[in-house]
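What the coordinates show
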Amino acid sequence: MSLGEDIDVGRRREFADLDLFAHLLKVFADSPWLHYGLWLEGERPTFPTLRRAQERYVDKLLALLPPAPASIFDIGGGTGALSARLADLGYDVEMLTPSAEQVTIARAALGDRIRLHQARFQDHEPVRRYDVCLFSESFQYIPLEIVFARVDALMAPGGSVVIADCFRSPAYTGGRMVGGGHRYLQFVEAAQRSGYRIVSDEDVTVLAAPSIEIDRMFYRDALSPVLTVLGNQLERRRPTLNRLVRGAYRLFVKERDRRHLATRLSAQNRTPELFAANNTYRFLRLTKES
């Protein structure tokens, strides 16, 4: 398998995970947001407190934006919650997402207030220029070698790039590990090569890391026991059907996807401590050098 194909498979898996979390957070946390929360010292991560932590994230992101009615391209806008907040504040907003599921949710919530584009960032054909190209946990999905050239075609003169996302820290040594994103030092080098200057850079890793507990609660403490009980019941009451279901799972679900799910269900390598050790979560604003 080529590297490009492997990346595309990973992207599709991430879209599926995000689509699942869109429904999960709406039901269990009454939250429209898909991003990390920012937790105060001593605050216990739970589904009831998640939305409050996510609102802190939004407030920090909004502080990096110019005043309304600046034009903003919300790249990887998910279910449209951030675009809706920006429109309510008087910004001129358009949104891009590659997920059909997220577009459906966003259209139901936004109506005709905001123009939605369904495409990958690298496939999107620019139709105008914007004062801000905004990446809220979407920058990590775009190859570094093309992202800034694409931004050049979208950003208005004097505009800025605002990023809130996870990056791999210098301590990351490779392999599957909780977190993700581009290596931060490679990102800085790519930005500089493309003529961009980082004018604001805040490391919030310690505040974001407890969000991993929400992921663990869902997969390890909720979904894994349910699947175990259902599997045991099926094996005891319908052994033939159980063998057919297990065989179909191995036949139709690729081995790497089965490993991915098993890793999420066990959650052994998904802890706030490992996240903080291997990642750096940043709020950034960049401008183009004149």
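Here the structure is shown first, and the text comes after it.
The following paragraphs examine the structure supplied in this document. (Residues numbered from 1 in each chain as written. Predicted model: local features only at pLDDT ≥ 70, side-chain atom pairs only at ≥ 80, totals over all residues. Heavy atoms only, no water.)

**Overview of the packing of helix α2 (residues 47–62) against helix α3 (residues 81–88)**
As a packed pair, α2 and α3 sit with axes 12 Å apart at the nearest point and diverge in direction by 55°. By the angle class used here, α2 and α3 are oblique. Regarding α2 and α3, the two cross each other, and that crossing is right-handed. Residue-level contacts link Glu-55, Val-58, Leu-61 and Leu-62 of α2 to Leu-82, Arg-85 and Leu-86 of α3. A class-by-class count of the residues in the contact of α2 with α3 yields five nonpolar, no polar and two charged. (Axes fitted to C-alpha atoms, helices over the stretch in contact; angles between N-to-C directions. Helix = DSSP H or I, 4+ residues; strand = E, 2+ residues; numbered from the N terminus. Parallel < 35°, antiparallel > 145°, perpendicular 65-115°, else oblique. Left-handed = near helix turned anticlockwise from the far one by under 90°. Contact = heavy atoms within 4.5 Å. Nonpolar A, V, L, I, M, F, W, Y, C, P; charged D, E, K, R; others polar.)

**Digging into the pairing of strand β7 (residues 279–288)**
A large share of β7 lies buried, amounting to eight of its 10 residues. As paired strands, strand β5 (residues 155–168) and β7 are joined by nine bridges and run antiparallel to one another. Paired with Val-162 across the bridge in β7 is Arg-285. (Buried < 20%, exposed > 50% of the residue type's maximum accessible area, 1.4 Å probe, protein only. Pairing = 2+ DSSP bridges.)

**Looking at helix α5 (residues 144–152)**
Within the span of α5, buried status applies to Leu-144, Val-147, Phe-148 and Val-151. Viewed along the axis of α5, the buried residues span an arc of 85°, placing them on a single side of the element. Along α5, the residues that are exposed and aim more than 90 degrees away from the buried face are Glu-145 and Ala-149. (Arc of directions from axis to C-beta.)

**Some remarks on the pairing of strand β1 (residues 71–75)**
Judged by how many residues are buried, β1 sits mostly within the fold: five of five residues are covered. Examined bridge by bridge, β1 and strand β2 (residues 92–97) share five bridges and lie parallel to one another. Bridge pairing in β2 links Phe-73 to Glu-94. One crossover worth recording links β1 to the parallel β2 by way of α3, and it is right-handed. Where β1 meets strand β4 (residues 130–136), four bridges bridge the pair, whose relative direction is parallel. When the sheet's bridge partners are listed, Ile-75 is paired in β4 with Phe-135. (Right-handed = clockwise from strand over helix to strand, strands pointing away.)

**Comments concerning the nonpolar core**
In terms of nonpolar packing, the biggest core is built from 35 residues, with Leu-61, Leu-65, Leu-86, Leu-134, Phe-275, Tyr-281 and Phe-283 touching the most fellow members. Contributions of two or more residues to this core are made by α2, α3, β2, α4 (100–110), β4, β5 and β7. In contact with Phe-275, other than residues within four places in its own chain, are Tyr-36, Cys-166, Val-178, Gly-179, Thr-205, Ala-209, Ile-212 and Tyr-281. Membership of the second largest hydrophobic core comes to 26 residues, among which are Phe-139, Ile-142, Ile-163 and Ala-190. (Core = buried A, V, L, I, M, F, W, Y, C linked by side-chain atoms within 4.5 Å.)

**What to know about the sheet that holds strand β3 (residues 115–118)**
In spatial order, the strands read β3-β2-β1-β4-β5-β7-β6; together these seven strands make up an open sheet with mixed pairing. Among the strands making up the open sheet, the edge pair consists of β3 and β6 (196–203). Going from strand to strand, the sheet's axes swing by 20° on average, the running direction of each strand aside. The strands that α4 touches are β2 and β3; relative to β3, the one it contacts most, it runs at about 170°.

**Description of unusual backbone geometry**
Ala-68 connects to Pro-69 through a cis peptide bond whose omega is 10°. Mapped onto the elements of the fold, Pro-69 is located in the loop between α2 and β1. A positive phi angle, close to 55°, is found at Glu-137, a residue other than glycine. Owing to a relative accessible area of 15%, Glu-137 belongs among the buried residues under this scheme.

**Quick notes on the pattern of salt bridges**
Counting across every chain of the model gives 13 salt bridges. Linking Glu-43 and Arg-52 is a salt bridge whose minimum nitrogen-to-oxygen distance equals 3.3 Å. Residue classification places Arg-52 among the partly exposed positions, given a relative accessible area of 47%. With a shortest N-O distance of 3.7 Å, Arg-51 and Glu-55 are connected by a salt bridge. (Salt bridge = Lys/Arg side-chain N within 4 Å of Asp/Glu carboxyl O.)

**Quick word on the packing of aromatic side chains**
Going through the model one piece at a time under the given rule, you end up with 16 aromatic pairs. Between Phe-167 and Tyr-184 the ring centres are 5.4 Å apart and the planes differ by 75°, which places this aromatic pair in the edge-to-face class. Here Phe-167, found in strand β5, pairs with Tyr-184, found in helix α6 (residues 184–193); they are 17 residues apart in sequence, far enough to count as distant. Taken as a pair, Phe-167 and Tyr-184 share a single burial class, namely buried. Aromatic side chains Phe-167 and Phe-187 sit 4.9 Å apart centroid to centroid with 40° between the ring planes, which places their arrangement in the tilted category. Taken together, the residues Phe-167 in strand β5 and Phe-187 in helix α6 connect sequence positions 20 residues apart. Using a relative accessible area of 0% as the deciding quantity, one classes Phe-167 as buried. One aromatic cluster is present, formed by Phe-121, Phe-135, Phe-139, Phe-148, Phe-167, Tyr-184, Phe-187 and Tyr-196 through successive ring pairs. Positioned over the ring face of Tyr-172 is Arg-168, at 4.0 Å from the centre of the ring. (Phe/Tyr/Trp six-rings, centres within 6.5 Å; stacked < 30°, edge-to-face > 60°. Lys NZ or Arg CZ within 6 Å of the ring centre and 35° of its normal.)

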